[in-house]
Amino acid sequence: MPDALSTEKTIAQSAEAVSGDTIGNFINGAWSVPAGATLLANTNPADTADLICHTPDSSREVAQRAIKAAAEAYPAWRKVPAPKRGELVQKAIEIMTRRREELAKALTREEGKTYVESLGEVDRAIGCMSFAAGEGVRLVGKTIPSVGTTGSVQRIAGLFGHDPVMAGYAVR
């Protein structure tokens, strides 16, 4: 289970990875550039002479490898208690809040937005993440009648996960 220190380290490594000339793919906890991948130039749309970085034109196989790694990681992530997952999201919020202006400047440079628009987008992202982090302590579900003569079915929405889960419980 990731802790705050390893989360901070991963985010710091990510920041280092994106500050170089080439940004790779983050798959299974590591940054990499696929061998033989064509590198695409990412330029500032307001100043096309301003080269921000290069990114790999990754293949379908690389995407499938990323999907597979995410699917394999999901069962362990699912076992992390929802409040702990919320704490990890909260740590990311703290980092984003601390680096708010830096993120807005990077967004302005990469997407050609005005600085004010970029600040608004960063603030919206922080707000959405804050809501998601709070869901970790709001463990709720919905009980619906069973089609049988005894029991009920409890519907529990998958917090920070894929699909809702249906679990039957006998009531006597």
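So, here is what we can say about the structure in this document. Because the structure is a prediction, the values reported are computed rather than measured.

The next thing to look at is the side chain of Asn 42. Structurally, Asn 42 can be placed in strand 3 (residues 39–44). A polar atom in the side chain of Asn 42 sits 3.0 Å from the side chain of Glu 110. Contacts of Asn 42, omitting those with residues within four sequence positions, involve Asp 50, Leu 51, Ile 52, Cys 53 and Glu 110.

Before going further, it helps to spend a moment on the packing of aromatic side chains. Overall, the coordinates contain one aromatic pair when judged by the stated rule. On the basis of an interplanar angle of 50° and a centroid distance of 5.1 Å, the ring pair of Phe 26 and Trp 31 is categorised as tilted. According to the relative accessible area criterion, Phe 26 is partly exposed, its value standing at 38%.

The subject of this paragraph is the pattern of salt bridges. Scanning the model with the defined rule gives seven salt bridges in all. Between Lys 84 and Glu 87 there is a salt bridge; the shortest N-O distance is 3.2 Å. In this pair, Lys 84 and Glu 87 are both assigned in helix 3 (residues 82–98), three residues apart and thus about one turn of the helix distant. Using a relative accessible area of 27% as the deciding quantity, one classes Lys 84 as partly exposed. On the accessibility criterion, Glu 87 (48% relative accessible area) is partly exposed.

Reading the values: rules and limits
Residues numbered from 1 in each chain as written. Predicted model: local features only at pLDDT ≥ 70, side-chain atom pairs only at ≥ 80, totals over all residues. Heavy atoms only, no water. Helix = DSSP H or I, 4+ residues; strand = E, 2+ residues; numbered from the N terminus. Polar contact = N/O pair within 3.5 Å; in protein donor to acceptor, adjacent residues only side chain to side chain. Contact = heavy atoms within 4.5 Å. Phe/Tyr/Trp six-rings, centres within 6.5 Å; stacked < 30°, edge-to-face > 60°. Buried < 20%, exposed > 50% of the residue type's maximum accessible area, 1.4 Å probe, protein only. Salt bridge = Lys/Arg side-chain N within 4 Å of Asp/Glu carboxyl O.

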